[in-house]
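# Structure assessment
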Amino acid sequence: MFLPSYATVESGPLHGAAYLYDNAVAAIALVGCGERDKAYRIASAILWAIDNDRTWHDGRLRNAYAAGAVASGSAKLPGWWDNTQNKWLEDRYQVGSDNGNMAWAMLALLSIDDVNTGSRFCDGAARLGTWVSQWADARGTGGFTGGTFGHEPTPDVRTWKSTEHNTDLAAAFGHLATRTGDSRWRDMATAAERFVDTMWDPACACFAAGTAEDGITRNPILALDAQVWPLTALPGAAKKFASAISTSEQRMSVDKGFSYGEDRDGVWTEGTGQMALLLKLLGRTGRAESLIAVIESQRSPDGGFYATSVRALPTGFMLDTDPAKPRLYLRLPHLGAASWAALAERGFNPFTATKGLP
């Protein structure tokens, strides 16, 4: 089954939407909590979706699915009825395929299959990796572009490159290489990791968020996950780029936690969990526990965690679906926030599926 990302939303694009990233992180968090049977159910839904898309049969997944049990037929996509237009609508981002989300699905499948090379979960991760491989980019410092956006049969191709996406891909391809012994996955992991390395800016002691559409020009936005994830996911990065932690504390800390970016309008629960986990893995348990206390303050009445401490938290990015509007995190109970809270509390690294750094 797929879990709803925002279980309390009753209408609109978020109602009944199960974002692939949220479900992948939830599956890994369940593994970390010793609930492998529940993680298995999410991973099985991911596998079903690879084989049962309404259009695509090439190994890709969508950015979101309809929440609920997966039984038969095509994997259902989220949508909503628009009274103004008097028709059923689907969100163009939700039906697209971001490569970062593909990487997280790979990590989730491989966290379930941590022993057997030939299992269906490992095979599913390899199929996703094969689809992603076509987006390897020769421009600039290489790496992988963003994926696709919009509806079939001809979705838009995203030519920008993301530090966060390439971090995810480096970890996922690295796991595939270890599991299968296939050198092509190691080559792809190296390409993604090399791109992330080149996004480091010594002048600000930070990672750029990625590149513009030309694949070369750096995106100047400072994003917390682009600072934390490389240190958590890539071998030796926690030592090599340790100053990214200080930069994050100086420029993105707020109310004893962390915001998404430099605006510092409120606490981003998910990102605060990401930093708490990294610090715990580095042995800075006191600071990690203080961040976990901040996360705990964002408990919602249903036992989940609010995505942010404020009504609407800007990210610095604009919506793909409406470039005139900012991309925001809303004060809603969020599956992603709950999952990172669990990972931080357990000290379980989703990039390694262990309680350690790579």
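Residues numbered from 1 in each chain as written. Predicted model: local features only at pLDDT ≥ 70, side-chain atom pairs only at ≥ 80, totals over all residues. Heavy atoms only, no water.

### Topic: the overall build of the protein chain
Applicable threshold: The way it works is that DSSP assigns letters per residue, a run of H or I at least four long becomes a helix, a run of E at least two long becomes a strand, and they are numbered from the N terminus. With the radius of gyration taken over C-alpha atoms, the globule rule is written as 2.2 Å times the number of residues to the power 0.38. Burial classes follow relative accessibility: with a 1.4 Å probe on protein chains only, a residue under 20% of its type's maximum area counts as buried, one over 50% as exposed, and anything between as partly exposed.
Along its length, the protein chain carries 12 helices and 15 strands. What you see for the protein chain is a C-alpha radius of gyration of 19 Å, in line with the 21 Å of a compact globule of 358 residues. Taking the principal axes of its C-alpha atoms as reference, the protein chain extends roughly 50 × 45 × 45 Å. Taken across its 358 residues, the protein chain has 56% of its residues classed as buried.

### Side note on the sheet that holds strand β6 (residues 145-149)
Paired through backbone hydrogen bonds, the strands of a sheet run either parallel or antiparallel to each other. Our working definition: Strands were regarded as paired on the criterion that DSSP finds at least two bridges between them.
As summarised here, the arrangement of the 3 strands in space is β5-β6-β7, forming an open sheet in which the pairing is antiparallel. Among the strands making up the open sheet, the edge pair consists of β5 (97-98) and β7 (156-161). Judged from the 4 bridges that link them, β6 and β7 form a sheet pairing that is antiparallel. Note that in β7 the partner of Thr-145 across the bridge is Lys-161.

### Here's the deal with the packing of aromatic side chains
Put simply, the rule reads: Each Phe, Tyr or Trp ring, with Trp reduced to its six-membered ring, pairs with another whose centre is within 6.5 Å; inter-plane angles below 30 degrees give stacked pairs, above 60 give edge-to-face pairs, and intermediate values give tilted ones. Distance and angle both matter: a charge sits over a ring if NZ of Lys or CZ of Arg is within 6 Å of the ring centre and within 35 degrees of the ring normal.
Counted under the stated rule, the structure contains 20 aromatic pairs. Seen in terms of ring centroids, Tyr-21 and Trp-104 are 5.5 Å apart; in terms of plane orientation they differ by 85 degrees. Their pairing is edge-to-face. Of this pair, Tyr-21 sits in helix α1 (residues 20-32) while Trp-104 sits in helix α3 (residues 99-112), and the two are 83 residues apart along the sequence. The class of Trp-104 is buried, set by a relative accessible area of 0%. Plain terms: the ring middles of Tyr-260 and Phe-317 are 6.4 Å apart, the flat faces sit at 85 degrees to each other, and that makes the pair edge-to-face. Of this pair, Tyr-260 sits in the loop between β13 (257-258) and α10 (269-281) while Phe-317 sits in strand β14 (residues 312-318); the two residues are 57 residues apart in sequence, bridging distant segments of the chain. One aromatic cluster in this structure is built from Tyr-21, Trp-104, Trp-229, Trp-340 and Phe-351. For the cation-ring pair, Arg-60 lies above Trp-56, with the distance from its terminal atom to the ring centre recorded as 3.6 Å. Above the face of the Tyr-306 ring, Arg-331 is positioned so that its terminal group lies 3.9 Å from the ring centre.

### A few points about unusual backbone geometry
Between Glu-152 and Pro-153 the backbone carries a cis peptide bond, its omega angle lying at 10 degrees. Note on placement: Pro-153 falls in the loop between β6 and β7. At Asn-86, a residue that is not glycine, the phi angle is positive and equals roughly 55 degrees. If you trace the backbone, Asn-86 turns up in the loop between β3 (80-82) and β4 (87-89). With a phi angle near 55 degrees, Arg-264 is a residue other than glycine that sits in the positive phi range. As for its placement among the helices and strands, Arg-264 is situated in the loop between β13 and α10. Taking relative accessible area as the criterion, Arg-264 reaches 35% and is therefore assigned partly exposed.

### What to know about the nonpolar core
To be explicit about the condition: Here, nonpolar core means buried Ala, Val, Leu, Ile, Met, Phe, Trp, Tyr and Cys residues that are tied together by side-chain atoms lying within 4.5 Å of each other. Here, residues are in contact when the closest pair of their heavy atoms is within 4.5 Å.
Judged by nonpolar contacts, the single largest core of 98 residues is most densely connected at Ile-46, Leu-61, Trp-104, Phe-173 and Met-275. Excluding residues that lie within four positions of it along the chain, Phe-173 makes contacts with Met-106, Gly-129, Val-132, Phe-144, Trp-185, Met-188 and Ala-189. If you look at the next biggest cluster of nonpolar residues, it comprises 6 residues, including Tyr-6, Val-9, Ala-17 and Ala-64.

### Concerning helix α7 (residues 224-233)
Of all 10 residues in α7, 10 are buried; the element is thus mostly enclosed. Among the residues of α7, those classed as buried are Leu-224, Asp-225, Ala-226, Gln-227, Val-228, Trp-229, Pro-230, Leu-231, Thr-232 and Ala-233.

### Brief notes about the state of the cysteines
The following threshold applies: The rule for a disulfide is simple: a pair of cysteine sulfur atoms within 2.5 Å.
Tallied over the entire structure, the rule returns 1 disulfide. Here Cys-204 engages in a disulfide with Cys-206; their sulfurs sit 1.7 Å apart. Residues Cys-204 and Cys-206 are joined through a disulfide that is left-handed, its torsion about the S-S bond being -65 degrees.

### Brief notes about helix α2 (residues 36-51)
The condition is simple: Helix span, as expected, comes to 1.5 Å for every residue beyond the first.
Look at α2: 23 Å from first C-alpha to last across 16 residues, which is about the 22 Å you get at 1.5 Å a residue. What α2 keeps buried is the set Ala-39, Ile-42, Ala-43, Ser-44, Ala-45, Ile-46, Leu-47, Ala-49 and Ile-50. Those residues of α2 that are buried are in contact with α1, β2 (64-66), α3 and α4 (120-133).

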